[in-house]
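As a plain string of letters, each chain reads:
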Amino acid sequence: MARGIRAVALIVVNPNGEVLLLQEFGSKPHIGKLAGMSSIPMETSAPREPDDMVLARLIAEELPGLAPKITIEGRLGVYRIVPGVWATLYRAAIGDRSLPDAATSRAEVGNHAWVDPAEAARLWLRQGAREMLEDFASGRRGVVRKHCKAVSAASAALPTSNEISAGRLPRR
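Not measured: the values here are computed from a predicted model. Along each chain, residues carry numbers from 1 onward, in the same order as the chain's sequence is written. Totals for whole chains, interfaces and linings use every residue, but because this is a predicted model, local features are given only for residues with pLDDT of at least 70 and side-chain atom pairs only at 80 or more, for both listing and counting. To obtain the side-chain values, all non-hydrogen atoms of the structure were included, while hydrogens and water were left out.

A. Representation of the layout of surface pockets in the model. Put simply, the grid is 1 Å and covers the protein atoms alone, a cavity is a trapped set of points that fit a 1.4 Å probe, a pocket is an open set with protein on both sides within 12 Å along at least five of seven lines, and lining residues have an atom within 4 Å of a point. Grid points are joined across faces, edges and corners, and a volume is the space filled by probe spheres set on the points. What the largest pocket holds in volume is close to 220 Å³. Lining of the largest pocket is provided by 17 residues; of these, I31, M42, E43, T44 and R126 occupy positions nearest its centre. Where the lining of the largest pocket is concerned, the elements lending two or more residues are β1 (5–13), β4 (42–44) and β6 (85–94). Here the lining of the largest pocket is composed, by residue class, of 8 nonpolar, 1 polar and 8 charged. For the purposes of this entry, the term helix denotes a DSSP run of H or I that reaches at least four residues, the term strand denotes a run of E that reaches at least two, and both are numbered from the N terminus. Ten residues, namely Ala, Val, Leu, Ile, Met, Phe, Trp, Tyr, Cys and Pro, are considered nonpolar, four, namely Asp, Glu, Lys and Arg, are considered charged, and the remaining ones, Gly among them, are considered polar.

B. Region of the structure containing unusual backbone geometry. Within the chain, R48 stands out as a residue other than glycine whose phi angle is a positive 60 degrees. Each residue is assigned to one of three classes by its accessible area relative to the maximum for its type, calculated with a 1.4 Å probe on protein chains only: buried under 20%, partly exposed between the two thresholds, exposed over 50%. Look at R48 and you get exposed, because its relative accessible area is 79%. The backbone of N111 sits at a positive phi, close to 50 degrees, despite the residue not being glycine.

C. Quick peek at the pairing of β1. Within β1, 7 of the 9 residues are buried, leaving the element largely enclosed by the surrounding structure. Pairing between β1 and β6: 9 bridges, direction parallel. Within β6, the residue paired with L10 across the bridge is Y90. The pairing criterion for strands is at least two bridges between them, as found by DSSP. Here 3 bridges tie β1 to β4, and the two strands are oriented antiparallel to one another. Of the residues in β4, the one forming a bridge with A9 is M42.

D. Structural view of the pattern of salt bridges. Between Lys or Arg on one side and Asp or Glu on the other, a salt bridge is scored when a side-chain nitrogen of the former is within 4 Å of a carboxyl oxygen of the latter. In the structure shown here, the tally under the stated rule is 11 salt bridges. Residue E18 pairs with R97 through a salt bridge whose shortest N-O separation is 2.8 Å. Of this pair, E18 sits in the loop between β1 and β2 (19–24) while R97 sits in the loop between β6 and β7 (109–115), and the two are 79 residues apart along the sequence. For E18, a relative accessible area of 17% translates into the label buried. Among the salt bridges present, the one from E24 reaches R126, with a minimum N-O distance of 3.1 Å. One end of the pair, E24, is in strand β2; the other, R126, is in the loop between α2 (117–120) and α3 (129–137), with 102 residues separating them in the sequence. Given a relative accessible area of 2%, E24 falls into the buried group.

E. The arrangement of α3 in detail. Counted residue by residue, α3 has 7 buried out of 9 residues, so it is predominantly covered. Within α3, the full set of buried residues consists of A129, R130, E131, M132, L133, D135 and F136.

F. Structural view of helix α1 (residues 51–62). Here the expected length of a helix is defined as 1.5 Å per residue gap, with one fewer gap than residues. Relative to the 16 Å expected for 12 residues at 1.5 Å per residue, α1 spans 16 Å between its end C-alpha atoms, a close match to the ideal helical length. Considered for burial, the residues of α1 that qualify are D51, V54, L55, L58, I59 and E62. One side of α1 holds all its buried residues, which, seen down the axis, span an arc of 135 degrees. Exposed side of α1, more than 90 degrees from the buried face: D52 and A60 are the residues found there. Arc definition: it is the arc formed by the directions from the helix axis to the C-beta atoms.

If you want it as structure tokens, here you go:
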């Protein structure tokens, strides 16, 4: 069980109302993350690291090339992903449907895609991401979620960004 871990999560929204998802390539089952899952961008904080610094690092590492286009709009809530792990969720806007530079993207994530929030909530998502997307889609602000539903490796496989773009979305 993880203890005392802080993180940030970021919902990036384009002018069409779509959210930016990525695919996790690595597994960390103790925090509800398995290879192949979809997720919004999330990044662990170092001890006493301010959220604005973690957000900048998250954007640089998981969304390379998009930093000049992304505007952080505010905090939406906090989520206990698993016992001992809390993530603060932020909303950001981008003025177009640009995707991160795949050539410089971290080996831990990839296959970025723009997805309608209602469709995103039906994918195989890492723990906590479903609740964050549902709260965002419902317009909730100031959320404090003390429990996020556990995820299973037995769920459906994640679609590729090409399948998402083509509208072929497997369900969980």
